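# Descriptive analysis of the structure
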Amino acid sequence: MKFEFEYENIQFFLELVENKGYYPHPITNPMSEEELDGFDSGEYGFFDLFIISEKNGEKLSHYKPALALSFDPEDMQVELEEILFEENLLEPVINHWNYEESDLGPKWKKSE
């Protein structure tokens, strides 16, 4: 599933790809048995999130693995919005752009 939006003057292109091979480790997993039953029944799945951001013709890529989301497209969109803002997943992207644009950005990118 793909999403596109603009936030903080940055164009975002998001793609969710189901990660069929992922299953949380029982010892480190914060989910209850009831929550895991939703995954076993096919109601929920784990998805990898690919974030491409674009500003002034340049692009940056970011990745967040194993997000637990519903398979229902409407629910998935709502859940993704909540995750993006509650877990501040866009903050590192915005910070990366701020760094790129600052005097502290990569030296190879600076003109002499």
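Scope of this entry: the structure provided in the associated data block. (Residues numbered from 1 in each chain as written. Predicted model: local features only at pLDDT ≥ 70, side-chain atom pairs only at ≥ 80, totals over all residues. Heavy atoms only, no water.)

This paragraph deals with the pairing of strand 4 (residues 58–70). Where strand 3 (residues 44–55) lies against strand 4, 11 bridges are found, and the strand directions are antiparallel. Paired with leucine 49 across the bridge in strand 4 is lysine 64. Linking strand 3 back to strand 4 in an antiparallel pair, the connection comprises two residues, with asparagine 56 at a positive phi of about 50°. (Pairing = 2+ DSSP bridges. Helix = DSSP H or I, 4+ residues; strand = E, 2+ residues; numbered from the N terminus.)

Taking strand neighbours across the sheet as the criterion, the four strands line up as 1-2-3-4 in an open arrangement whose pairing is antiparallel. The open sheet has two free edges, formed respectively by strand 1 (2–7) and strand 4, since each of these has just one partner strand. Adjacent strand axes in the sheet meet at a mean angle of 20°, parallel and antiparallel pairs treated alike. Of the strand pairs in this sheet, strand 2 (residues 10–18) and strand 3 are connected by eight bridges, and their pairing is antiparallel. Note on strand 3: the bridge partner recorded for phenylalanine 12 is serine 53. Those strands touched by helix 2 (residues 73–86) are strand 1, strand 2, strand 3 and strand 4, and its axis lies near 115° from that of strand 4. Against the sheet, helix 3 (residues 91–101) engages strand 1, strand 2, strand 3 and strand 4, with an angle of about 170° to strand 4. (Axes fitted to C-alpha atoms, helices over the stretch in contact; angles between N-to-C directions. Contact = heavy atoms within 4.5 Å.)

This paragraph deals with the packing of aromatic side chains. For the structure shown, the criterion picks out four aromatic pairs. Arranged with centres 5.5 Å apart and planes meeting at 75°, the rings of tyrosine 7 and phenylalanine 85 form a pair that is edge-to-face. Placement of the pair is tyrosine 7 in strand 1 and phenylalanine 85 in helix 2, with a sequence separation of 78 residues. For tyrosine 7, a relative accessible area of 28% puts it in the partly exposed group. Consider the rings of phenylalanine 47 and phenylalanine 71, whose centres lie 5.5 Å apart with planes at 65°: the pair is edge-to-face. Here phenylalanine 71 lies in the loop between strand 4 and helix 2 and phenylalanine 47 lies in strand 3, a separation of 24 residues in the sequence. (Phe/Tyr/Trp six-rings, centres within 6.5 Å; stacked < 30°, edge-to-face > 60°. Buried < 20%, exposed > 50% of the residue type's maximum accessible area, 1.4 Å probe, protein only.)

This part covers the nonpolar core. Leu14, Leu16, Leu49, Leu67, Leu69, Leu80 and Leu84 are the most contacted members of the largest nonpolar core, which has 20 residues in total. At the level of elements, strand 2, strand 3, strand 4, helix 2 and helix 3 are the ones that each hand at least two residues to this core. With residues up to four places along the chain from it excluded, the contact list for leucine 16 reads Met1, Phe3, Phe47, Asp48, Leu49, Leu67, Leu69, Met76 and Leu80. (Core = buried A, V, L, I, M, F, W, Y, C linked by side-chain atoms within 4.5 Å.)

The next thing to look at is unusual backbone geometry. Phi angles above zero are rare outside glycine, and glutamate 8 is one such case at about 55°. Relative to the helices and strands, glutamate 8 resides in the loop between strand 1 and strand 2. Residue asparagine 88 is not a glycine yet carries a positive backbone phi of 50°. Among the structural elements, asparagine 88 can be located in the loop between helix 2 and helix 3.

A separate point is the pairing of strand 2. Both strand 1 and strand 2 contribute to a ladder of six bridges, which runs antiparallel. Across the sheet, glutamate 4 pairs through a bridge with phenylalanine 13, a residue of strand 2. Between the antiparallel neighbours strand 1 and strand 2 lie two residues, among them glutamate 8 with a positive phi of about 55°.

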